[in-house]
Every structure is written in structure tokens, then in C-alpha cells.
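Per-entry structural report
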Amino acid sequence: MRPFRIVLLGLAALALVPLHGLGAQARPTAAQAEALLRARPDLASQLQSRIAGSGLTPEQIRQRLRAEGYPESLLDSYLSGTGTVGSTPSGQVFEAVRALGLVDEADLDELVRLAGAREGAEARPVLATPDSVIAADSGFTVFGLAMFREVTSRFLPNLDGPVDAGYRLGPGDQLVLILTGDVELAHTLEVTREGFVVIPQVGQIGVANLTLGELESVLYTRLGRAYSGVRRGGGATTRFSVSVSRLRSNQVFVTGDVMSPGSYRVTSAGTALTALYAAGGPTENGSMRRVEVRRAGALVSTLDVYDYLLRGDGSADVRLQHGDVVFVPVHGPRARVVGAVTRPATYELRGTETLADVGRMAGGLRATATGRRVYVERVVPIADRSAGGARAVVDVPLAANGDLPALPIVDGDVVRVPSISDRVRDRIVVRGHVWSAGAQGFVPGLTLADALRRAGGLKSDAILSTVHVSRLRPDSTRVQLRATLLDTLGTTAQPFALEDDDEITVYSRTEFRPPQYVVISGAVRSGGRFPWRAGLTLRDLVLMAGGLQERAYLREAEVARLPEGDESRATAIAVRVALDSSYRFHMPSVPAAREPEIALQPYDNVLIFQDPSWREPRTVRLTGEVRFPGTFTLEGRADRISDLVRRAGGLTPEADLDGAYFARTVDSAAARRVRSTQQRLQRAATGADTSALGAQADSTLDGMLNRIRVGVDLRDALRTRDRADDLILEHGDSIHVPKLRQTVEVRGAVNAPTALSHARGKKLGHYLDAAGGTTERARTRRAYVIQPNGKIESRRRALGFITLDPTPRPGAVVVVPERGQEVPGPSLLTSLTVVTQLLASLATIVVLTR
């Protein structure tokens, strides 16, 4: 068992590598170890090597895991030859190691020491570790790097403002010279590549590498030769000023341990920080304390970025010149500050800096620091190390005022500043149904009544019979006590003495009272569930529901109420209650005799009926060749097509009665029932499958807002009221009466599809001949006519050999299908064909009228 213990223990021990000094009591959890291992992928390789050297076969390891209740494949990825080295173990692997109980202190210490020798700069725990790990061991962020990782313009030089007198001129700069007094002149001067400017009437002046102050002295001499009024002192009659209107750019090089080394162009006012920021700042291995500026191979300045960050001192940030090199060497000694300081981080050391200096870098101690001592974990020098003693802890006491001493700090030190305990003493807590719940200060002799009076007393519905007091024992467990109160002021029958850290809880009757409600539905504006209150009436509930709708029935309503008694088999008892017009709150008049108020009980369900005689106005649209087209409101439930045409003043002389188009809005279900009936009857007559056509028809109906055309013979409907084609109108119906047409269109398998003039009394065959006859692929016996009113008439055969052709009306369409094309019906059994077509039309009318 011991080899297997070592193997599993190795995983937990390797996860503890960055957490030296925590001891066995502070082992990381599975989530913490997994987060640390993401930053140390080499630990997976170490785990695999430990498993390989355990002496156990893969099957034995799986049996041990199965015996402990874990998946036997949990460690398969770390068995020899079965996994990928470097894969990150899951959280369940760490939980299994912890739950097996195979870790003893001796093995743990041994493995921690072995793994500690491998700790290096690459072993950085990720920042997304749990809060407990951060609090115990933080400060891994290198101080100052965050400043260079943000996208900002903080280091860009001021290109619009004036430059100082120490600015050195060079090729590419642009100057402005202004003279006032005896002469009024302004010159724009470009510094040439050779480093001089040319001033009219003055000549050429070399300005390369001169400061603005030095150039001013030169101009007093040269301008004084051309303008007698230019002189120093108060007697000058001509004055001048010179300034830089455009800055040149310099090419500098940033090398060393920076994020993006290379060549950069910065303005001539740029400094070392400007170039460093352009290169992304130092890497984690770069120095923040010794940034070198080299010019022509010589060191001209060394920048300490900490001066800028900690003290705001930028005096060492020199202005760069063309060809300068900014070099960032490898960082020097570093120390990590952890715990109760303002800025926990890793700080670079320079020179002989002490613990006090490092404390000032970290912003000083926080108020939560103990203020008595700090601990410095130090790497023992190689010459002084003993077996297993590569690290030591230095206990450093603080001064009486809490100042850090001047203890020298060396590379690799970890300064730990302990925090005070989170426990608050001399405190009690009052929770629950009091007026001012919260923590209170504790003094010896404090009683429960005193604490409740401090909390403002109990609320009116507080439970007085039981008040809980949770008391902390010396072993950190709690005991439950209880007290009985006499009144809401917190008075007890006997004094109840409190102790430090007591927690008092006062309960409310409201917390244990089930929510009571009533429900209203039906013809109300905003029905739903509403809280029940004592004295609530039906009138109140209607108001809460936003009032009645226009269609509400004002004579009575139904109230479903829970039955009295638990043994009743009925789930509810329905009661009819009387209403009146006073429930319409928007009405100005109130009836003289109002119905009595109906008191509601908890869980009542109120239903407001809809008046069966109330209907919204129904409209239909009539357009085309009528005297007064428009949208008409139906007068009654039995209004028909003939009534509508009569109200519209009748038809015009140009109206085409045979071409009237009647459309009706139906729901999708009704439209599909119509289509299904037509397909079923058609299949019975033809034996053909028309499901594809039916699906296409359904899609068309849905795409047309569920409007379908109904074949109606308007001539027959207007001849006598109540005939079959004189349909009863519904809301949304529309009728269009076109102008009289004198043509018949011929389509399909004919030699010359065209439109022909209508010939009175001529049959279908006449129009086929007039269109050049049918083609070879034509199914002439299946030809049919779509009449202007939407009805379809096909050829029929009587007695098996006599062909009966339909007579096209003006505006009809003659269709000759091709072979292989679906057609309305076959030529077999003429009588059956006629019957099925009649039944399909009749079924359509029946479904729509329903």
C-alpha cells in the first residue's frame, strides 16, 4: 500500500510547491491545486514519473481506485504509455487524493523538500486562485509592469504646448521668428539637414544641437547686424521672439528584456519613458530600476522607474536624441511582500535597501496588520545550507510605534505581514423581527431585555413565546437557548443574562402564515392573482383588475369557493352573485338600488361572464363594379351577399357577374380541413396522389394571411335570396366585381397559347381549335375550364363515348395539361367524377359556413 500512497501523495505535494511555510494544516484544496498546476505543466510529468516508479501495474492502480469508490480510469492519463505528459489533472484527481486519507506528515515533508528545490521563476501561480490562497500567499505581481500593459497616451509628449529653453534643435524642426518695433516681420524657418536656418536679410545661421536659450543669444548678435534696433537692455527699439512650431522625430532603439524590442520613431520631445512605453515596457525578467540610455556607445543616463512610480520624480527621465539606445537589462534582486500591506507585490531591489525601504515601496502596513512582528522567509546561502534546510524564517519584531526596522533584504526574500484575527469580540447580534436589527456592543451584565430595547423593541406580530439565543462555547461549537417574552418591549419573566458573541433571533408570525390570494378572470382588463386582505369585496377586486371589459355580463358572476370541512369530496363550490351597472366605474351615473357588496374569502376564484348578446362591429369590403364600393358594417348575423349588393346600390352596367371574386379569412386549421377534404375526394376519383399539391396549397394559404377564394355564382346569388350561392357574410369577407371581359385565355399544351375573343355559346373544343390545336404531349381529355367566378369545370363523358364539354364564359381560362402533370380528374366512370366534384364543392361550403 505504501508505494501507492507515495504516488498519490506526490500529486498533492507537487501542488504545494509555491506554498512554502503553510504547513500540513494549510494544504490547498483541489481547485487551488488545479489552478497552480495550470501554471506548472511540468508537475504532470513529475506525477507520471512517480506512478511509473511506484512498482504498481496499471491494473493494480485501477483496482485501488475502484475499492476507494473512485472511477478506475481517474489516473489513466498518467499511467505509463497511456496518456499525454503535461496534461492538466482534473479537480476530481486532487479530491481523490485528499479523500483516500493516505497522506502522513513524514511523507509530506519529504516530498515538499524535494519539490521545493525545483521552484523557480517559471513556477508562478495563476492570479485566478481562490481568495484563501491569495490571502495566505500573494504578491506575485511584479510591481510597475501594469503601467505599461494598458493602452493609454500618458507617456506621449506634449506636441501642442511650448518647449522648454533646454530643448535642443536639430534637422527637421520648424521655427517661427517674429520681429516687432521698428520693423514688423514674421519668418518661418526650417532647420535643414545640414543643421542651419536661413533668415532673410540676415543670412545663414547654424542651429544644430543648440538649445533655444543658446539660439536666442546667437540671434541677438546676428539680428543686431541687420537691424540696429535689436539690442539687449531697455533701449532696444526692435524686439524679437523665436519658438518651435513643429517638432522633428527621432529614431531610437529599445533593446533588452522588453516586450517588443526594435526601432521606434519618437518626437524630439520624447523621453526614455516614451520609448519604453512604445516597446510595451519591460518583461517579467526585465529591470525596472536600471533602464540605461546609451548615446554613441556611451552611457549617458540610468532611469529608475520606481522614482517615477513611487515619488513622482521624473528628473532622471532624459530627453532622447536621434540614434539613442534604451537598454533594459535583466532584473536585479527581488523581494516579495505578502499580507497586510497596501500594495502586495514583488519589488526589485537596488543597492542596500532594507525592510523599512521595502515596506515604504509596498505603501506601508494596513490598519489590519498586527503591528507586532513580521516574518521574512529567506533562501539560505549555498555555503550555509544543510540537508533539507534551504529556507529559513527570520522573526522580525517591530518598533513600539509599528515601524519596520532597517533589516537588510536580499534576493529571494518573502516578507510576510500577518493580519489581525477576523473575530470581533465584545459583540452580540440581534436578528429577525425587531425594529433595528444588527450588531451591538456587549458589556458584562447585559440582559436579553436590554438588547431587545436597544434594537427598538419587537414588531407587533413578533412571536413572544420563543426567542432563540445561540451561544458560543469555548470549543467553538454553539448551544441553542430559548426565552419567553412577556411583551414587545422584550421583558422576560426572569433576567436572561447574555454573553459575548451571542446571536439573538426573533421570529414573526408573518413568516409562517401561508400567502392567501384571490383570482379573477373572464371579461376583465387585467385578470390574475391578487393578495387577499380581510374585508376585500368583489367590487374591490374588479377595481384591482383594471375594471370590466365592454363585453362583460352585468347581471351575475360566478365565485368558486373552497368547501368548508376537510372531509368534503367537492374541490370547490360555485356560487352565483349579482352584479349591476355600478361595476362599470367609468359610467357617470350610479343606479339608485345597488346590489349588496360581496365579501370575498381566501382562495376565491371569480369568473366574470361575457354577455352572449354583445358583438364587436363586423365589417366586409365590396369593391369593383358597384355603385357605392367601400367597407360596410353588417347589420345582423344573417346578412347575405345579396343584402350587401343591395346596400351598395346594385351593380353597374359594366359589372361581370361571372367573374366576381369572393375571399374569406379562415384559421389555418379550417383551411387545412378544406384542402384535406378536396384531396381525399379527388384521390377517390382519380387514384392520384395530390399530397404535394395539398402541402403547396397549405403554404400558400398561410402566406396569404389564411385567406382563401370561395367559388360563388354571383348571378345565381342575386337572382333569389337564400340560394346556395347567396352565402351568409362573416367579418373580414371581401367581394370584388370586375368589369365585363370579352376574352377567353387558353393555356397549357396547345400550339399557340393566347387570349381569344369570347364566342357566345361555344364549347371548350372551339377555343382549343382556335389556339392551333393541342400538342403531342397534351392530355386533351383532361382539359378543363376555370370560370371567372373561380369554379372549375372539366370535360365529362356520358355513356362511355359521348364527350360533354364545358362552356367558357367571358374572362374564363382554358387549361390543357401535359402528360405527367397532375390534373383535376380522369375520364373513367363519368358519373363518379361528377358526383365527387359536386361533393368537394359542397364540403367546402359546409366547412366555411361552420
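Here the structure is a predicted model, which is why all the values come from computation and not from measurement.

Parameters and conventions
- Residues numbered from 1 in each chain as written.
- Predicted model: local features only at pLDDT ≥ 70, side-chain atom pairs only at ≥ 80, totals over all residues.
- Heavy atoms only, no water.
- Helix = DSSP H or I, 4+ residues; strand = E, 2+ residues; numbered from the N terminus.
- Buried < 20%, exposed > 50% of the residue type's maximum accessible area, 1.4 Å probe, protein only.
- Contact = heavy atoms within 4.5 Å.
- Areas by Shrake-Rupley, 256 points an atom, 1.4 Å probe, with all protein chains shown as cover.
- Core = buried A, V, L, I, M, F, W, Y, C linked by side-chain atoms within 4.5 Å.
- Salt bridge = Lys/Arg side-chain N within 4 Å of Asp/Glu carboxyl O.
- pLDDT = per-residue confidence, 0-100.
- Pairing = 2+ DSSP bridges.
- Axes fitted to C-alpha atoms, helices over the stretch in contact; angles between N-to-C directions.
- Phe/Tyr/Trp six-rings, centres within 6.5 Å; stacked < 30°, edge-to-face > 60°.
- Lys NZ or Arg CZ within 6 Å of the ring centre and 35° of its normal.
- 1 Å grid on protein atoms, 1.4 Å probe; cavity = no way out; pocket = protein on both sides within 12 Å on 5 of 7 lines; lining within 4 Å.
- Points joined across faces, edges and corners; volume = space filled by probe spheres on them.
- Nonpolar A, V, L, I, M, F, W, Y, C, P; charged D, E, K, R; others polar.
- Lys, Arg positive; Asp, Glu negative; His and termini not counted.
- Polar contact = N/O pair within 3.5 Å; in protein donor to acceptor, adjacent residues only side chain to side chain.
- Expected span 1.5 Å × (residues − 1).
- Bend = angle between axes of the 7 residues up to and from the residue.

In terms of helices and strands, the protein chain carries 21 helices and 37 strands. Counting every position in the protein chain, which comprises 850 residues, the buried fraction comes to 40%. When contacts within the protein chain are restricted to residue pairs at least 6 apart in sequence, long-range pairs at least 24 apart make up 64% of them. Summing over all exposed atoms, the protein chain offers an accessible surface of approximately 44900 Å²; the carbon and sulfur share of this is 52%.

Looking now at the nonpolar core. Nonpolar side chains tend to gather and get buried jointly when the protein is soluble and globular. Core analysis: the largest hydrophobic core is formed by 46 residues, its most contacted members being Phe148, Val305 and Tyr347. Looking at this core, the element that brings in the most residues is helix α10 (residues 272-278), giving five residues. Setting aside residues up to four positions removed in sequence, Tyr347 forms contacts with Phe143, Tyr306, Pro333, Arg334, Ala335, Val337, Met361 and Ala362.

Another point: the pattern of salt bridges. Counted according to the given criterion, the structure contains 31 salt bridges. Ionic pairing is found between Arg360 and Asp357, a salt bridge with its closest N-O pair at 2.2 Å. Taken as a pair, Arg360 and Asp357 lie in helix α12 (residues 355-361) at a separation of three residues, close to a single helical turn. Owing to a relative accessible area of 57%, Arg360 belongs among the exposed residues under this scheme. Salt-bridge contacts for Arg576 lead to Glu556; the nearest nitrogen and oxygen are separated by 2.9 Å. Of this pair, Arg576 sits in strand β24 (residues 573-578) while Glu556 is found in strand β23 (residues 556-561), placing the two residues 20 residues apart along the sequence. Glu556 sits in the partly exposed class, given a relative accessible area of 27%. The network of salt bridges with common partners includes Arg423, Arg431, Arg478, Asp501 and Glu503.

What follows deals with the confidence of the model for the protein chain. Scored by pLDDT, the protein chain comes out at a mean of 78, with 74% of its residues at no less than 70. Taken element by element, the predicted model of the protein chain shows its lowest mean pLDDT in helix α6 (residues 105-116) (36) and its highest in strand β10 (residues 325-328) (95). Per-residue pLDDT stays below 50 along residues 81-136; that stretch engages in 115 contacts with residues further than four places along the chain or on separate chains. Every residue in residues 681-705 is under pLDDT 50, and counting partners more than four places away or in other chains gives 35 contacts.

Okay, the pairing of strand β30 (residues 734-737) next. Here is the key point about a regular strand: its side chains alternate between the two faces of the sheet. Sheet analysis places strand β26 (residues 619-624) next to β30, joined by four bridges and oriented parallel. If you follow Gly624 over to β30, its bridge partner there is Val737. With three bridges connecting them, strand β28 (residues 661-665) and β30 associate as antiparallel partners. By the bridge assignment for β30, Tyr661 is matched with His736.

Here we take up the sheet that holds strand β22 (residues 528-531). Read across the open sheet, the five strands follow the order β22-β21-β25-β23-β24; overall the sheet is mixed. With one partner strand each, in any of the chains shown, β22 and β24 form the two edges of the open sheet. Averaged over all adjacent pairs, the angle separating strand axes in this sheet is 25°, with direction ignored.

Okay, the environment of Ile463 next. With respect to the helices and strands, the residue Ile463 is situated in strand β18 (residues 462-472). Taking the C-alpha atoms as reference, Ile463 lies 9.1 Å from Thr488; in sequence the two are 25 residues apart. What Ile463 contacts, discounting residues up to four positions off in sequence, is Tyr507, Ser508, Arg509 and Phe512.

By the definition in use, this model includes five aromatic pairs. Three or more aromatic residues joined by ring pairs form one cluster here, namely Phe143, Tyr306 and Tyr347. In this arrangement the basic side chain of Arg529 is found over the ring face of Tyr517, its NZ or CZ atom lying 3.8 Å from the centre.

Time to look at the sheet that holds strand β34 (residues 792-794). Spatial strand order, β32-β31-β37-β33-β34: five strands in an open sheet with mixed pairing. A strand with exactly one partner marks an edge of an open sheet, and here the two such strands are β32 (754-757) and β34. Across the sheet, the axes of successive neighbouring strands diverge by a mean angle of 25°, strand direction being ignored. The sheet contact formed by strand β33 (residues 784-786) and strand β37 (residues 813-816) spans three bridges and is antiparallel. Bridged to Tyr784 within β37 is Val815.

This next bit is on empty space enclosed by the protein. Under the definition given, this model contains two cavities of 30 Å³ or more. The calculated volume of the second largest cavity comes to roughly 40 Å³. Lining the second largest cavity are Ile641, Ala660, Tyr661, Phe662, Val712, Leu714 and Ile735. Residues belonging to the lining of the second largest cavity are distributed by class as follows: seven nonpolar, no polar and no charged.

To continue, consider the environment of Gln516. Mapped onto the secondary structure, Gln516 falls in the loop between α14 (509-512) and β21 (517-522). Judged by relative accessible area, Gln516 falls into the partly exposed class, the value being 31%. Separated by 86 residues in sequence, Gln516 and Pro602 place their C-alpha atoms 5.6 Å apart. Discounting residues that sit within four places of it in the chain, Gln516 has contacts with Pro531, Trp532, Pro602 and Tyr603.

Okay, the side chain of Asp461 next. In this structure, Asp461 sits in the loop between α13 (448-454) and β18. Buried within the structure, Asp461 lacks any salt-bridge partner; Arg513 is the closest side chain of opposite charge, at an N-O distance of 5.4 Å. Side-chain polar atoms of Asp461 contact the side chain of Ser508, separated by 3.0 Å. Within the local environment of Asp461, its side chain forms a polar contact with the side chain of Thr510, the two groups lying 2.5 Å apart.

A separate point is helix α9 (residues 212-226). With 15 residues, α9 should cover 21 Å at 1.5 Å per step; its first-to-last C-alpha distance of 21 Å lies within 8% of that length. Along α9, the sharpest kink reaches roughly 25°, centred on Leu219. Along α9, the residues classified as buried are Leu212, Leu215, Leu219 and Leu223.

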